[in-house]
Structures are given as structure tokens and as C-alpha cells.
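# Tertiary structure, described
Take a look at the letters that make up each chain.
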Amino acid sequence: MSLVSTHGPLDGYLPPAGGFDEMIDANGDVRPHWSALSEGYQHLGLDELARRREEIRLLLEQDGVTYNVTGDEAQLRRPWMLDPIPLVLPSDEWSALERGIAQRAELLDLVLRDLYGDRELLRSGLVPAEMILGDPSFLRACDGISLPGARQLIVLATDLARTDDGDWVALGHRTQAPSGAAYALENRRVVSRVFPQLFRTAAVHRLAPFTRSLRSALQDVAPPGVEEPNVVVLSPGALSETAFEHASIAALLGYPLVEGSDLEVRDGRVWLRTVTDKMPVHVILRRVDAWFCDPLELRADSTLGVAGLVDACRTGTVSVVNTLGSGVLENAGLATVLPTLAAYFLDTDLLLPPVRSWWCGDPVGRSHVLANLGRLVVRPLTRAALEHSIDTSVASTAELDDLRRRIEAKPHHWVGQERVHPASAPVLSDTDLAPRPVVLRSFAVAQEDAYTVMTGGLARAATDDPGRPIANRAGAMSKDTWVLSAAPESQSGFWLASFDQPVRASSEVLAARAAENFFWLGRYAERAEATVRLLRVVNGRRDEFENAEAGPGPAALAVLLEAVTRITGTYPGFTGNGATELRSHPTDELFSLIVDAGRPGSVAHAIAAMLDAIDDLRDQLSVDTWLVVGSLQRELDRLDHEPGERDEAATNILNDLLHGLLSMAGIATESMVRDSGWHFLDAGRRVERGINLSSLVSAALGVERGAAVESLLIESVLKTEESIITYRRRYRSRARLAAVLDLLVGDAGNPRSLHYTVDRLSEDLTVLGTTHEGTATTASAIAGDLRSMIGEISSEQLAAPDDWGRRQELVSFAGTAVSALMAASDSVTADFFTKPLPQRSVLTPVERPDHRSQ
């Protein structure tokens, strides 16, 4: 079918001459499986496609989908990029690809089993020993380690490209800690939501069954005798390049997301440190490169792994997926021998051929590579090397000479490959649909008697810079992959069970690190909100009195400015040398207290710390959380770039930030189950609220001032603590300090009072219970003592000044409350979060590459 339209997005679409295009054939006609979509895009028009691209961007932002470019501070939390146009494949073509992917998984599984078992491949010479033994990803410490069941390779990612003649080839594999499946699932969720009609009419195969296949595979490799295994997902942490995926996979599978510091090996078994006890771990889905998984037997300077993990694997008390050492299958040299190995193991040809490759450790291969420098891509043998693939067609003469010397010096470290020009597919540019080279990452997971392949995958399109690799780190645009169904899809793989089974909730598992992040999330969220509220009130007083030469207004403003410094701890601020001048011109200092993320005590610093805690809790929080996180992140990004006067900018920013922080508090109140995580979060909020309230009344009201000044200060304190309306409605008289203190300190029914705050903290600590040793927490005792003290205090006594006008009782009480709350916080840390000392190898650390995303 020829594409006939006027002024549509596809009108100027022109595939590269001589290449293969996914949408348009060699005659310029739309391929049959693209026809409905192409007509749909023409009908929508370019403006509507651009609008939906923006909708996709917002949905990804609201879901908190990021790709962190490690080593580049500017690209931490880089937004995930998704093209609105999917890669579309017909069902019959996918069926052939699926068979080829599954066959490769079978073959690589047999290779892995042999390399860490009998090593017949090395003895026979079918695989050159130097190729494997020279690969740092071949871990000698893992010799003989095997998983229960029929498979050793559980998860495989295969990168595919279509060549100019339309055939598919395998570019390589990811077996170390293969990533991308969760991004593929997110791409599908978003694109199907933005193009619901096109998606429904296209009859696209579902991706969800892959998640359930992965869960089943993890259950199947549990150590013998374990019927209901405890499974965890091991991540390097929130700064890992694919941290979003780690959390997403953990949430989809329903397993705890942990880091190495959450686990320990004791008595030959792996345990997860929870807030109440230690839980045995039977299966680990690892997203940490194997070298970093055990500082005792692998990389000695690693802080990402678990000391003793290799030995636990060796004794069979824990199963690690993929197995430690499976990264050897990413060896580029294997591409030169896989066809031979297919004949040896499977007695058949490879259905999905590799790129033609030559290993330079072989004299014939080396000769060919050296003779063809300038036309090949030269790759290091292993991804663990601190090298990158080199496209020799764009290298200078000097670069080629240097590469030649390096190959001749260490030939077994290098592999030459034919250059592949991936087929193009349509990508939405700013002006039209443009053809861009595309590669596809597929995913296979082991089942009892076969491999299940995700029906689709993660496609990536090149940037408009032809010299950049098609990789996420290089800024490639991701694409959803639509495999069109030729018949109604089999109704299987759904989440809802179709058989009767006992309804039994799993016991709550909260890692100590996650609990700590919940606690500090509460503290930083409350700290940010309290500081925003105080600065809004101060700005309001400035609008009223800053230009007045003298009188109660300027005097009250000076007290409030000093209180800002004391409460936020941002000394010297409005209290040190030059404070008088600074109080006369406070704009820059106040703006710094909003925007300077590098300044502890500022709003930006508290929000940044809050977002860091949220990053570590991705698998624990409601999806709606990311709606708020996105808005707060946008505010942080524009904080110091707000146009207009700083005073006006400050007001706008504070209002927007307060809106986001209140939304965050609302989500915690209305969307979180009252489990241990929520109680740690709430306890953190209560500790911080009590500290801020006590500090505020002491700093602003600790000294008696004239009636006019004190009236303004009392009003400011009530506004800051969101209690001004309650006070006016209840007392219907002029401000009286004893009544104010009764409301803010002793009123058990006022959510903003110290009494209410400590009551709730005590309840949280009671629910959280005892320490690991079964004793009551010190924090509970501290909170109980503080409750008793609040119950005995007299507001009249607190309000009474001494002969010099100082309210010593108030200042002393507030100081005691702050000290008690800080002591309670320290006790919670000691009782629930304290980490064991790290275990270190006595061996000298060897030089190893840094952890890299897969």
C-alpha cells in the first residue's frame, strides 16, 4: 500500500538509500503490518503527535522514571526518553526471532554450566582457554557453584539489529545483571495510555506475563527443602544508572529491594537485617556486577556486596541470579565460536547468527583484523575492561597506528567485528517523522523445560548525531516494541489466580536501611515544610515593615530574622558580625535559605535530602508520590533561575514548594498502609515537628518585649504553626501568651501542638516495639518522660518573665524538649538502624573496573 496523504507527519519520510527500513519497503510502500498505524499517525497530524509526546514526557516524570548517568553530576536523575512511535513487528517474524533467542539462551546455559563445571570446552579447544581464562569476568572463586534445577542461566538479554538485507543478527548478550525489562514495561504502560485507540486496534501482545515468569523462575531456584523462599533484589543503590529499574522490578515482583549493607552472612547463611529481626534470604536477584558482590573473595575494596556471599553460594544455602561469574558469557570472543558450539551442544545451526567476528588471539583472526583496520569495529574482549568499542572507520591514522600496536601487544584482549548498519525506524522529530537506526534488546527467562521470551522488548533509536553509539548512556531514545498478534492472544499469564488457595498475607519485611530512609524522609519533609512556613511569615512581615524606620514592626522583624538563623542553624546569619546590616538588607540571605542546596538548614537542602531518601524507597512508595516528587524536582531545578526580583521570586517559590510538601504529607496520610514504614516516617515527622516548634517559641518568645512587638511576634508564631484561626476562634480576645502556649504546647487536641506531637511519637514507638534484643527502646522511655513533663507544665509559669524580662521557664522547657527529641532520634537510630562494622579482606585489593550499568 503506497502512502498517500497531504501535509501529514509521514509525507517527508525518506529512508536511507540502500538500507532496510522498518516501515517503508524498497518500493516506497508502507509495509502491511504498519499500514493501520501509519494511517492513524497521518490522521492525528504532527501537532497532535507532538502534544502526545509531551504527554508521554509528563507521565514518565510523574512516574519518576529516570536513567542516572553516573560520573556526570548534571545528569543524575536524567529523565527517561521515550519516542511516541513504537517499533512494530509482525507475529510471524517475531516467532522466528523468539525461537532464535530461546535457542541462544539454551546454548549459553550449557556453555556456562561447562565453564564452571567440567570445562570440557577448554580442554577440547572448542573454546580457546586464553579467551576465557584471560577474562576478568571468569571468576575462579565461583568454580563448581551451581543453582538447583535444570538451568544455570536464568535471565538473558540479547541485543539485536536488523541488517541492510533485512536479516536479524545478535550484537551481544547481557548476562551479568541484564537491565531494560522494567523500562520496556514502563514504555508499554505509557504508550498504550497515550495512544489507547491505536493500541487496542493493533492487537499487540502483552508484556506482563514476563514478570510472572521471572517470579516463577526465582522461586524455582530456591535451595533444596525451601518451599516458600525469601527473595530479595540486590541493588548498588539509588545512584546506580538503572536505579529506577531495580526498584520497579522489586515492586512488580513484590520482593524487598536491598543493598549490600542490608545483608550479612552468618553461620553460612545470608540474612536480611530488618527492624525487628534477621530474616533468612534464600534467593538473590542481583543487579550488582559479580566482582563487587563479595569483598572477601572477589573485589576487596567493594562496599556494594556481602562479605561471605561466595561461600554461601558454594554451600548451597543461597541462590544468586544470575550466578556469580555468569558475566563471562558477555565475552565478545564467544561470538567467533558460538556457531561451532551450537553444532556441538545442540547438533544444529544457530537460528540467530552473531555479527561476523574475529578473535585476535587466533593468528588468522588477528591477521584479518589488522589487515582490515579502518573497516571493522574493534572491541575489547570483555565489558569489564576499561575500554570501549572503536569504530575504526572514523579513526585517524594516528589512532589506527596506536590501536594496531595495542592489538599486537595483547592480541587476546581484542575482537574485530563487521560494522553493522542497523535498520531504520520512524522517530518523531521536531518537524516530522525521521528514520533513525534502531537496535532491540530482548529478554528471556528460564522455566523448567524451556526459556520464555518477552513478546517485545526495549528498542533504542540513535540520536541525530551519527557518531554516537545507540545506548542509553549516549542519549539514545527508547521505543516501545509492538508485536502484532495474528490471532487472539492466549488468555494466560494473568495475575489473578484461577485456583483455590489459602488467603495468607506474607509477613512484613522492612529492611533496616529502608526504615532509616523512612525516618529521615519524615524528618526532612517536616523540616522543609517548617522552614517554608517560617520564611513565608517573615516575608509577610518584611512586606509590612521593612521600610519603616523604627517602631514595633521593625523590632518584631529583627527578632524573627534572628529566629530564622537560630532555628535553621545557618549561623552566623542574622546573629553574627554584621548582623545589623544584614537585617537591614535581608533579601540575599533569605533567598539563600531557600535556594542553596549546598547549605545545611536551607529549604533546598532539606528537599534534596528528602528526594534522596525517596530515591532509596522507590519500591515502597505509592505511585502517586512521583506526581509530587516531579513538581518538587522542577522547583529545585528552577530555584536559582527564577526571573524577576528576588523578593517576588522567593514568594512564588515558597508558595509552590509548600503546595508540593503539603501534597507529600497528604499522600503519606491517605495512601500509605499503617505498617512499620509508615510509623518510622511518622516518627521522623513528629521528632522534627517537636524540635521546630520548641525552637520557635523559645527564639521568638523567650524574652518579654513591649506589648506591640509581642503581639506581632505571637501572631507570627501562630501563623507559622498554622494555629492562628484556631486561636481566634477559641479565645476571641487579644493575644495572651499563656493562652498561646496552652494551644501550642499543652493542647492534646491540636495537631500542631507539642503535646499532640509527642503523643503521636509515643504511639509510633509503641507500634514499632522492641529492639532486636527484645527490650523496650530508649526512645519510648524518652518520649514517655517528655509526655509526663508536658502534662505537668503550667502555661502561666512558662509565660511569666523574670525581673530582667527573660522567660527562663519557657527557654529551659523548650531546651529540654529539643534535647529529649534529639535523644529520642538518636535512640531510634541506635536501636533500629545501626549497621554492623564492614568486613574486609586481608588480601591486597586488586585493580578492577568500576561498577557499570548493564
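Everything in this summary refers to the structure shown in the same document. Quick caveat: nothing in here was measured; it's all calculated off a predicted structure.

This next bit is on the overall build of the chain. In terms of helices and strands, the chain carries 27 helices and 22 strands. Relative to its length of 854 residues, the chain is compact, with a C-alpha radius of gyration of 31 Å against a globular reference of 29 Å. Residue burial in the chain is summarised as follows: out of 854 residues, 56% are buried. Pairs at least 24 apart in sequence give 71% of the contacts found in the chain among residues at least 6 apart. Here the chain has roughly 36,300 Å² of accessible surface; of this, 51% comes from carbon and sulfur atoms. Charge separation in the chain, taken as the distance between the mean sites of 83 positive and 117 negative side-chain charges, equals 1 Å.

Take the environment of Ala238 next. Its location among the elements puts Ala238 in the loop between strand S6 (231-234) and helix H8 (243-253). When the C-alpha atoms of Ala238 and Val564 are compared, they prove to be 32 Å apart, with 326 residues separating the residues in sequence. The contacts of Ala238, once residues within four sequence positions are left out, are Asn68, Ala243, Glu259, Asp615 and Asp616.

With that settled, the discussion passes to helix H21 (residues 707-720). Between its first and last C-alpha, H21 extends 20 Å over 14 residues, near the 20 Å set by a 1.5 Å rise per residue. Looking at the packing, one finds that the buried side of H21 touches helix H13 (512-545), helix H14 (552-568), helix H20 (676-701), helix H22 (724-731) and helix H23 (737-746). One or two steps after H21, the chain reaches Glu722, where phi turns positive at roughly 55°.

A word on the sheet that holds strand S12 (residues 319-321). Here four strands make up an open sheet; going across it, the order is S7-S6-S11-S12 and the pairing parallel. The strands lining the two open edges of the sheet, one partner per strand, are strand S7 (257-258) and S12. Sheet topology note: the S6/strand S11 (residues 283-286) ladder contains four bridges and is parallel. Bridged to Val231 within S11 is Val283.

By size, the foremost hydrophobic cluster in this structure holds 244 residues, and its most contacted members are Ile284, Leu309, Met610 and Phe680. For this core, the leading source of residues is H13, giving 13 residues. Non-local contacts of Ile284, meaning those with residues more than four positions away in its chain, are made with Val232, Leu234, Leu263, Val270, Leu309, Val318, Ser319, Val320 and Val321. Counting residues in each nonpolar core, the second largest holds 12 residues, with Leu370, Val378, Ala395 and Ile407 among its members.

Let us look at the pattern of salt bridges. Summed over the entire model, instances satisfying the criterion amount to 53 salt bridges. Between Glu722 and Arg752 there is a salt bridge whose closest N-O contact spans 3.8 Å. Here Glu722 is found in the loop between H21 and H22, whereas its partner Arg752 is found in the loop between H23 and helix H24 (754-768), with 30 residues between them in sequence. Where salt bridges share partners, they join Glu526, Glu529, Arg533, Arg685, Arg689, Glu722 and Arg752 into one cluster.

Our next topic: the pairing of strand S5 (residues 168-174). The element S5 is largely enclosed, with a buried count of six among its seven residues. Alignment of strand S4 (residues 155-162) against S5, held across six bridges, turns out to be antiparallel. Looking at S5, one finds that Ala157 is bridged to Arg174. Connecting S4 to the next strand, S5, in antiparallel fashion are five residues, including Gly166 with a positive phi near 90°.

With antiparallel pairing, the four strands of this open sheet are ordered in space as S13-S16-S14-S15. This sheet does not close on itself; its edge strands, each paired only once, are strand S13 (357-359) and strand S15 (390-391). Those strands touched by helix H11 (residues 363-371) are S13, strand S14 (376-380) and strand S16 (414-418), and its axis lies near 120° from that of S13. Seen against the sheet, helix H12 (residues 397-409) touches S14, S15 and S16 and runs at an angle of roughly 125° to S16.

Where H13 meets helix H16 (residues 587-595), the axes come as close as 12 Å, and the angle between the chain directions of the two elements is 160°. Judged by the inter-axis angle, H13 sits roughly antiparallel to H16. Classified by chirality, the crossing of H16 by H13 is left-handed. Here H13 contributes Leu535, Val538, Asn539 and Arg542 to the contact with H16, which in turn contributes Thr587, Leu590, Leu593 and Ile594. Counted by class, the contact of H13 with H16 contains five nonpolar, two polar and one charged residues.

Right, let's talk about the packing of helix H1 (residues 35-62) against helix H5 (residues 181-194) for a bit. Remark: H1 packs on H5, axes separated minimally by 10 Å, with the N-to-C direction vectors making an angle of 135°. With respect to each other, H1 and H5 are oriented oblique. Considering how the two elements wind past one another, H1 and H5 form a crossing that is right-handed. The segment H1 lies against H5, with Arg52, Glu55, Ile56, Leu59 and Leu60 engaging Glu186, Arg189, Val190, Arg193 and Val194. Broken down by class, the residue content of the contact of H1 with H5 amounts to five nonpolar, no polar and five charged.

Taking 1.5 Å per residue, 28 residues should reach 40 Å; H1 reaches only 32 Å between its end C-alpha atoms and comes up short. Gly45 marks where H1 bends most, by close to 95°. Those residues of H1 that sit buried are Leu37, Ser38, Gly40, Tyr41, Gln42, Gly45, Leu49, Arg52, Ile56, Leu59 and Leu60. Contact partners of the buried residues in H1: strand S3 (87-89), H5, helix H6 (196-202), strand S17 (424-428) and strand S22 (481-483). Within two residues after H1, Gly64 carries a phi angle of roughly 70°, on the positive side.

Quick look at the state of the cysteines now. This structure, assessed with the given rule, holds zero disulfides. In this structure Cys142 is a free cysteine whose sulfur lies 7.2 Å from that of Cys313, the closest cysteine sulfur available. Cys142 sits in the buried class, given a relative accessible area of 1%. With no disulfide of its own, Cys293 lies closest to Cys313 among cysteine sulfurs, the gap being 8.5 Å.

To continue, consider unusual backbone geometry. Of note, the amide linkage connecting Val321 to Asn322 takes the cis form, showing an omega dihedral of -15°. By the secondary structure assignment, Asn322 is in the loop between S12 and helix H10 (338-346). Between Tyr571 and Pro572 the backbone carries a cis peptide bond, its omega angle lying at 0°. For Arg119, which is not glycine, the phi torsion reads 55° and is therefore positive. Among the structural elements, Arg119 can be located in the loop between helix H2 (91-115) and helix H3 (120-124). Residue Arg119 is classed as partly exposed on the basis of its relative accessible area, which comes to 23%. Although it is not a glycine, Asp267 sits at a positive phi angle of roughly 55°. With respect to the secondary-structure elements, Asp267 resides in the loop between strand S8 (263-266) and strand S9 (269-273). For Asp267, a relative accessible area of 74% corresponds to the exposed category.

What counts and how
Within each chain, residue numbers correspond to sequence positions counted from 1 in written order. Whole-chain, interface and lining totals are the exception, using all residues; otherwise, since this is a predicted model, local features are given only for residues with pLDDT of at least 70 and side-chain atom pairs are given and counted only at 80 or more. Processing note: side-chain calculations cover all non-hydrogen atoms of the structure and skip hydrogens and water entirely. A run of DSSP states H or I qualifies as a helix once it reaches four residues; a run of E qualifies as a strand once it reaches two. Both are numbered from the N-terminal end. Using C-alpha atoms as the atom set, the radius of gyration is obtained and then compared with a globule rule of 2.2 Å times the number of residues to the power 0.38. Relative accessibility decides the category of a residue: with a 1.4 Å probe and only protein chains considered, values under 20% of the type maximum give buried, values over 50% give exposed, and everything between is partly exposed. For this analysis, residues touch if any pair of their heavy atoms sits within 4.5 Å. Calculation of accessible area relied on Shrake-Rupley with a 1.4 Å probe; when residues are assessed, cover is drawn exclusively from the protein chains displayed. We treat Lys and Arg as the positive residues and Asp and Glu as the negative residues; His and chain ends play no part in the count. By convention, charge coordinates are those of NZ in Lys, CZ in Arg, CG in Asp, or CD in Glu. Take the residue count of a helix, subtract one, and multiply by 1.5 Å to get its expected span. Note: two strands are recorded as paired if DSSP finds a minimum of 2 bridges between them. For our purposes a nonpolar core is just a set of buried Ala, Val, Leu, Ile, Met, Phe, Trp, Tyr and Cys residues, chained together by side-chain atoms within 4.5 Å. Salt bridges are defined by distance alone: a side-chain nitrogen of Lys or Arg within 4 Å of a carboxyl oxygen of Asp or Glu. Only the stretch in contact is used when a helix axis is fitted, and all axes are lines through C-alpha atoms; the angle between N-to-C directions ranges over 0 to 180 degrees. Just so you know how the angles are binned, under 35 degrees is roughly parallel, over 145 roughly antiparallel, 65 to 115 roughly perpendicular, and the rest oblique. By convention, the crossing between two helices is left-handed when the near helix turns anticlockwise from the far helix through less than a right angle, and right-handed when the turn is clockwise. Residues were grouped as follows: Ala, Val, Leu, Ile, Met, Phe, Trp, Tyr, Cys and Pro as nonpolar; Asp, Glu, Lys and Arg as charged; and all remaining residues, including Gly, as polar. Bend is computed residue by residue as the angle between axes fitted to the seven residues ending at the residue and the seven residues starting at it. In what follows, a disulfide is any cysteine sulfur pair within 2.5 Å.

Purely spatial values, then, with no claim about function.
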